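One letter stands for each residue in the lines below.
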Amino acid sequence: FDPVASPAEVGPSWLQSYARNRNAAACLYKCSAPTALGLRQQGWKVLRVAQEAVLTPMTFSEDGPSRRQLRRKLRQASKAGVEVRTAAPHLPLEQMASVDQAWQNCRGTALGTTMGRFEPGYMSHQQVFLAWKDQEIIGFVSFHVSTQEWCLDLVRILPGAPDGTGHELIREAITVAANQALPRLSLAAVPDHPMAHHFDKGLRRFKGCFGPRWQPLYMTAPSWWQMAVSIAELQLLVHRPPVLKPAEYG
């Protein structure tokens, strides 16, 4: 979701004051075009950093040439006996944690801050879908939830799971979101900047299978110096994240 409700509510003065009082840099990360434009008009510096993959669940269709690969992946998952279900309120957290650990053992330690990490208390407040095969959980996805939108957070697939498992999970989420008349489902963002070609191209291919609308996302800061400081800090927090603490909710 956009980090602020509207550009008018940002009022750069309060964020700059908040940062200044903590000897920190001020920035908004992955904000929408209207928010970025509003801040640019107030003198902030703007960089395009990502593209968000957005779907409209109620009008989504698997038809058309842009979703040819999706149809193929879904057939493969179905043929392999993959079953996808909406998770019950009491999540099978131990099994999900095992999938997450196996995923990390295969792909490396999960990145932090702007990237999702598995935490049981946090997961219990998300919309979760589980993939099963032969009575075993082989993958799951989770979504941030609001009244108007779901946004994809974690995708965890067991190494060796049938091809198309992740696609089947997202397809089920789209169906459930459509049944709830949600107007927007986000598959979250992929990098979109001069260094983006160094990042996982498979992520863009995976999301692109669903034929989404690609919407630009921006990073803004009061000055280029604060922009540079913020980029460096984000890189550190992503690649060397702090110890994960249990989520607490009032």
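These numbers were taken from a predicted model, which means no experiment stands behind them.

Along its length, the chain carries nine helices and eight strands. For 250 residues, the compact-globule estimate of 2.2 N^0.38 gives 18 Å, and the chain sits close to it at 19 Å. Along the first, second and third principal axes, the C-alpha atoms of the chain reach 55 × 40 × 35 Å. Going through the 250 residues of the chain one by one, you find that 43% of them count as buried. Sequence-distant contacts, at least 24 apart, represent 74% of the contacts inside the chain between residues at least 6 apart. Accessible surface, the chain as shown: approximately 13700 Å² in total, 53% of it carbon and sulfur. Side-chain charges of the chain comprise 27 positive and 20 negative groups, with the mean position of each set lying 9 Å from the other.

As a further point, take the state of the cysteines. Applying the stated criterion to the full structure yields zero disulfides. The structure places no disulfide on Cys 31, whose sulfur is separated from the nearest cysteine sulfur, that of Cys 27, by 9.2 Å. Cys 31 sits in the buried class, given a relative accessible area of 0%. Unpaired in terms of disulfides, Cys 151 finds its nearest cysteine sulfur in Cys 31, a separation of 15 Å.

Moving on, we get to the nonpolar core. Counting 40 residues, the largest nonpolar core has Phe 143, Ile 170 and Phe 210 as its most contacted members. Breaking this core down by element, the ones donating at least two residues are strand 2 (45-55), helix 4 (68-79), helix 5 (93-107), strand 4 (127-133), strand 5 (136-145), strand 6 (149-157), helix 7 (165-179) and strand 7 (184-191). The biggest single contributor to this core is helix 7, with six residues. When residues no more than four places from it in sequence are discounted, the contact partners of Phe 143 are Gln 126, Gln 127, Phe 129, Trp 150, Cys 151, Leu 152, Asp 153, Ile 170, Ala 173, Leu 185 and Ser 186. Residues Ala 50, Leu 217, Met 219 and Ala 221 belong to the second largest nonpolar core, which totals eight residues.

Here the focus is the sheet that holds strand 8 (residues 213-221). Spatial ordering of the open sheet is given by 1-8-2-7-6-5-4-3, a layout of eight strands whose pairing is mixed. Across the chains shown, the open sheet's two edge strands, defined by having one partner strand only, are strand 1 (28-31) and strand 3 (83-86). Adjacent strand axes in the sheet meet at a mean angle of 30 degrees when their direction is disregarded.

Going through the model one piece at a time under the given rule, you end up with eight salt bridges. Residue Glu 62 pairs with Arg 171 through a salt bridge whose shortest N-O separation is 2.6 Å. Of this pair, Glu 62 sits in the loop between strand 2 and helix 4 while Arg 171 sits in helix 7, and the two are 109 residues apart along the sequence. Overall, Glu 62 belongs to the partly exposed group, its relative accessible area being 26%. By relative accessible area, Arg 171 is classed as buried at 17%. Here Glu 149 makes a salt bridge to Arg 184, at a shortest N to O gap of 2.4 Å. Here Glu 149 is found in strand 6, whereas its partner Arg 184 is found in strand 7, with 35 residues between them in sequence.

Attention now goes to the confidence of the model for the chain. Confidence in the prediction of the chain, expressed as mean pLDDT, is 89, and 92% of residues score 70 or more. At the level of individual helices and strands, the chain shows its lowest average pLDDT in helix 1 (residues 7-10), which scores 55, and its highest in helix 7, which scores 97.

Quick look at helix 5 now. Given a rise of 1.5 Å per residue, 15 residues ought to cover 21 Å, and the 20 Å separating the end C-alpha atoms of helix 5 matches this to within 8%. Taken together, the buried positions of helix 5 are occupied by Met 96, Val 99, Asp 100, Trp 103 and Gln 104. Down the axis of helix 5, the sector holding all buried residues measures 135 degrees, keeping them to one side. Pointing more than 90 degrees away from the buried face of helix 5 are the exposed residues Glu 94, Asn 105 and Cys 106.

Conventions and cut-offs
- Residues numbered from 1 in each chain as written.
- Predicted model: local features only at pLDDT ≥ 70, side-chain atom pairs only at ≥ 80, totals over all residues.
- Heavy atoms only, no water.
- Helix = DSSP H or I, 4+ residues; strand = E, 2+ residues; numbered from the N terminus.
- Rg over C-alpha atoms; globule rule 2.2 N^0.38 Å.
- Buried < 20%, exposed > 50% of the residue type's maximum accessible area, 1.4 Å probe, protein only.
- Contact = heavy atoms within 4.5 Å.
- Areas by Shrake-Rupley, 256 points an atom, 1.4 Å probe, with all protein chains shown as cover.
- Lys, Arg positive; Asp, Glu negative; His and termini not counted.
- Charge placed at Lys NZ, Arg CZ, Asp CG, Glu CD.
- Disulfide = S-S within 2.5 Å.
- Core = buried A, V, L, I, M, F, W, Y, C linked by side-chain atoms within 4.5 Å.
- Pairing = 2+ DSSP bridges.
- Axes fitted to C-alpha atoms, helices over the stretch in contact; angles between N-to-C directions.
- Salt bridge = Lys/Arg side-chain N within 4 Å of Asp/Glu carboxyl O.
- pLDDT = per-residue confidence, 0-100.
- Expected span 1.5 Å × (residues − 1).
- Arc of directions from axis to C-beta.

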